[in-house]
Every structure is written in C-alpha cells, then in structure tokens.
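Residue-level structural notes
Residue-level listing of the chains:
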Amino acid sequence: MSGLLVKSFDTPEETRPFEQGMGHLDLLNVDSGPVGRAVFEPGWRWSEHVKPLAQTDSCQVAHKGYCVSGRMKIVMDDGQEEDIKPGDFMEAAPGHDAWVVGDEPCVLIDWQGSDDYAKQH
C-alpha cells in the first residue's frame, strides 16, 4: 500500500442488502480487511432481517463500530443490553440480537465484523 488511501462509501466495492429491503451494508476493501457502512432502516431487527441469511440463532459476528446516526439497542445472549446513539463507539462479541430504536435509520461504521456479515451463502 502507498502512504495514502482514500475510498468513498458513495462508491462501495460491494453492497449487501438486508431481507425485506430493511437496509444494506456497503463495503470498502482495504489491506487490513473490509470496512462496512451499515444502514439499518426503522423496524430493522437482526433476528428478522439478517438471521435468515446467517442461519444462526443470534448474530455470531464480533463488531467494532461507530454510530454515525440513529439509535440501536444491542442485547447479548447473556442478557446484557445497551442502547447506542450518534457518537458512540461499541464493541459487541458474538452472540447478540439488535434492532433500530425510533423512526430514523441507524448508520454504523464497522471495521471488524463486515467480512461475512449479511453475505448470501
């Protein structure tokens, strides 16, 4: 890699739609791995709109991300839960459900969990 790399989510290298048109994941590929910008529409819930793609009981992807806009609730399989809002950084281990809170899309930048997330198998 050269000393500077600039890419735009406005022209992603891949876009993965969620079930029922409830959002999408845009991917940029960089040397350290893919970086994703996920747009979750109001009413989106992992267990309804990604679970059919993942074919697991809960999300088994680790995430490290930053909330750009909107709000989301994340509930771990062990019952721990948090609401995230714009400006929040979050890390979520495998084993969780999540859903959009409110009537605004939630936009997250995720630089850990985008490799196989919402990938058609």
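Throughout what follows, the structure given in this document is the object of discussion. (Residues numbered from 1 in each chain as written. Predicted model: local features only at pLDDT ≥ 70, side-chain atom pairs only at ≥ 80, totals over all residues. Heavy atoms only, no water.)

1. Details of the pairing of strand S7 (residues 89-92)
The alternating pattern of S7 places Met90 and Ala92 on a buried face and Phe89 and Glu91 on a face that is not buried. As defined by bridge partners, strand S4 (residues 63-69) adjoins S7 across four bridges and the pair is classed as antiparallel. Bridging from a neighbouring strand, lysine 64 pairs with glutamate 91 of S7. (Buried < 20%, exposed > 50% of the residue type's maximum accessible area, 1.4 Å probe, protein only. Helix = DSSP H or I, 4+ residues; strand = E, 2+ residues; numbered from the N terminus. Pairing = 2+ DSSP bridges.)

2. Considerations on the environment of glutamate 14
Positionally, glutamate 14 belongs in strand S1 (residues 14-17). Remark: the alpha-carbon pair of glutamate 14 and aspartate 57, spanning 43 residues in sequence, is separated by 26 Å. Setting aside residues up to four positions removed in sequence, glutamate 14 forms contacts with Leu25, Asp26 and Leu27. Only 2.9 Å separates the side chain of glutamate 14 from the side chain of arginine 16, close enough to count as a polar contact. (Contact = heavy atoms within 4.5 Å. Polar contact = N/O pair within 3.5 Å; in protein donor to acceptor, adjacent residues only side chain to side chain.)

3. Section: the nonpolar core
Residues Phe40, Trp44, Met72, Ile74, Ile84, Cys106 and Leu108 are the most contacted members of the largest nonpolar core, which totals 21 residues. Of all the secondary-structure elements, those providing two or more residues to this core are strand S2 (23-30), strand S3 (33-40), strand S5 (72-76), S7, strand S8 (96-100) and strand S9 (106-110). (Core = buried A, V, L, I, M, F, W, Y, C linked by side-chain atoms within 4.5 Å.)

4. What about the side chain of serine 58?
With respect to the helices and strands, serine 58 occurs in the loop between helix H2 (51-54) and S4. A residue is classified by how much of its surface remains accessible, and serine 58, at 7% relative accessible area, is buried. Separated by 2.9 Å, the side chains of serine 58 and glutamine 60 make a polar contact. If we ignore the near neighbours within four places in the chain, the residues touching serine 58 are Trp46, Asp77, Gly95 and His96.

5. Digging into the packing of aromatic side chains
This model, assessed by the stated rule, comprises four aromatic pairs. Taking 6.0 Å as the distance between ring centres and 40° as the angle between the ring planes, the aromatic pair formed by phenylalanine 18 and tryptophan 44 counts as tilted. Taken together, the positions of phenylalanine 18 in the loop between S1 and S2 and tryptophan 44 in the loop between S3 and helix H1 (46-49) put the pair 26 residues apart, joining distant regions of the chain. Each member of the pair, phenylalanine 18 as well as tryptophan 44, is classed as buried. Both rings, one in phenylalanine 89 and one in tryptophan 111, keep their centres 6.1 Å apart while their planes meet at 35°; by these two values the pair is tilted. Here phenylalanine 89 is found in strand S7, whereas its partner tryptophan 111 is found in the segment after S9, with 22 residues between them in sequence. Assessed through its relative accessible area of 48%, phenylalanine 89 is described here as partly exposed. (Phe/Tyr/Trp six-rings, centres within 6.5 Å; stacked < 30°, edge-to-face > 60°.)

6. A closer look at the sheet that holds S1
Strand order in the open sheet made by the six strands is S1-S2-S3-S9-S4-S7, with antiparallel pairing throughout. Every interior strand has two partners, whereas the edge strands, S1 and S7, have only one. Strand-to-strand twist in this sheet, taken as the mean axis angle between neighbours without regard to direction, amounts to 25°. Where S2 meets S3, eight bridges bridge the pair, whose relative direction is antiparallel. Paired with valine 30 across the two strands is glycine 33, which belongs to S3. (Axes fitted to C-alpha atoms, helices over the stretch in contact; angles between N-to-C directions.)

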